[in-house]
Amino acid sequence: MDIVFIERLKIDTIIGIYEWERMVRQTVTLDLDMAFDNTAPAATDNIDDALNYKAVSKRLIEFVEGSDFGLVETLAERCAQIVREEFGVTWLKLRLRKPGAVRGAKAVGVQIERGTRPE
Ligand SMILES: Nc1nc2c(c(=O)[nH]1)N=C([C@H](O)[C@@H](O)CO)CN2
């Protein structure tokens, strides 16, 4: 199985369950592993045959910047849904980090896997 990945995509958004968190933007980061058969783009050298990681990143930045969820679980699920539905990704692993949310921890967050992992 081939993977196209995005590492530590930093985005500022409204996220959190506490009152103060509804009033300030906080940084989250996204790591994505997306299953994609890279044999076609490798043969043609054509971006149209590839899973364009820049296009995925831009779409997620647009979505997350405009969102205001309470839970990181909800935000992660919605991001995974966008990547699967709009970019035809059959399997992905997504880790959403919320750095600085818990004193003493470098980051907290969630990791989800969605879809059927190819062989
Ligand atoms: N499983 C979760 N636990 C917590 C979340 C969350 O989104 N998922 N959020 C918070 C607060 O918003 C926290 O990030 C503020 O410090 C607490 N626990």
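Residues numbered from 1 in each chain as written. Predicted model: local features only at pLDDT ≥ 70, side-chain atom pairs only at ≥ 80, totals over all residues.

Participant: Sorry, what's going on with the overall build of the protein here?
Facilitator: From N to C terminus, the protein includes three helices and four strands. Along the chain direction, N to C, the helices and strands of the protein fall in the order β-β-α-α-α-β-β. Overall, the C-alpha framework of the protein stretches about 50 × 25 × 20 Å when taken along its three principal axes. In the protein, which comprises 119 residues, the share counted as buried stands at 18%. In the protein, the share of contacts with a sequence separation of at least 24, taken over all contacts with a separation of at least 6, comes to 61%. (Helix = DSSP H or I, 4+ residues; strand = E, 2+ residues; numbered from the N terminus. Buried ≥ 20, exposed ≤ 12 C-beta atoms within 10 Å, placed from the backbone. Contact = placed C-beta atoms within 7 Å.)

Participant: Honestly, the UniProt feature "domain: Dihydroneopterin aldolase/epimerase" (unreviewed entry) in the protein in this entry has me stumped. Any pointers?
Facilitator: Sequence positions flagged by UniProt for "domain: Dihydroneopterin aldolase/epimerase" (unreviewed entry) are, in local numbering, residues 4-114. What you have in residues 4-114 is 32% helix and 33% strand, and the ends, taken at the C-alpha atoms, are 15 Å apart. (UniProt positions renumbered as here; feature names shortened; annotations may be inferred.)

Participant: Quick question: what am I supposed to make of helix α3 (residues 72-87) here?
Facilitator: Along an α-helix, residues three or four apart share an orientation, since each turn contains 3.6 residues. A rise of 1.5 Å per residue sets the reference length of α3, with its 16 residues, at 22 Å; its end C-alpha atoms lie 22 Å apart and thus fit the reference within 8%. Leu-75, Ala-76, Cys-79, Ala-80 and Val-83 are the residues of α3 that are buried. Buried residues along α3 cover an arc of 130° about the axis, so they all sit on one side. Turned more than 90 degrees away from the buried face of α3, the exposed residues are Gln-81, Glu-85 and Glu-86. Just downstream of α3, Gly-88 is the residue with a positive phi angle, here 65°. (Expected span 1.5 Å × (residues − 1). Arc of directions from axis to C-beta.)

Participant: I'm lost on the environment of Gly-16 in this one. Help?
Facilitator: Summarising the element assignment, Gly-16 is placed in the loop between β1 (3-13) and β2 (26-35). Looking at Gly-16, the number of C-beta atoms within 10 Å reads 19, which means it is partly exposed. The spacing of Gly-16 and Asn-38 is 22 residues in sequence and 37 Å in space, taken between C-alpha atoms.

Participant: How should the nonpolar core be read in this particular structure?
Facilitator: In summary, soluble globular proteins display a tendency toward joint burial of nonpolar side chains. Residues Leu-30, Met-34, Cys-79, Val-83, Leu-92 and Leu-94 are the most contacted members of the largest nonpolar core, which totals 20 residues. Elements that contribute at least two residues to this core include exactly β2, α2 (53-65), α3 and β3 (91-99). For this core, the element with the highest residue contribution is α3, accounting for five residues. In this structure Leu-94 touches Leu-30, Leu-32, Ala-76, Cys-79, Ala-80 and Ile-112, once residues within four positions along its chain are discounted. (Core = buried A, V, L, I, M, F, W, Y, C linked by C-beta atoms within 7 Å.)

Participant: For this particular structure, what's the right way to read the sheet that holds β2?
Facilitator: Whether parallel or antiparallel, the strands of a sheet pair through hydrogen bonds between backbone atoms. Sheet architecture is open: four strands sit in the order β1-β2-β3-β4, paired in antiparallel fashion. Edge positions in the open sheet fall to β1 and β4 (107-115), since each of these has one partner strand only. Each strand of the sheet is rotated relative to its neighbour by a mean of 15°, with strand direction disregarded. Sheet analysis places β2 next to β3, joined by six bridges and oriented antiparallel. Its bridge partner lying in β3, Asp-33 is registered against Lys-93. Along the sheet face, α2 touches β1 and β2 and points at about 25° away from the line of β1. (Pairing = 2+ DSSP bridges. Axes fitted to C-alpha atoms, helices over the stretch in contact; angles between N-to-C directions.)

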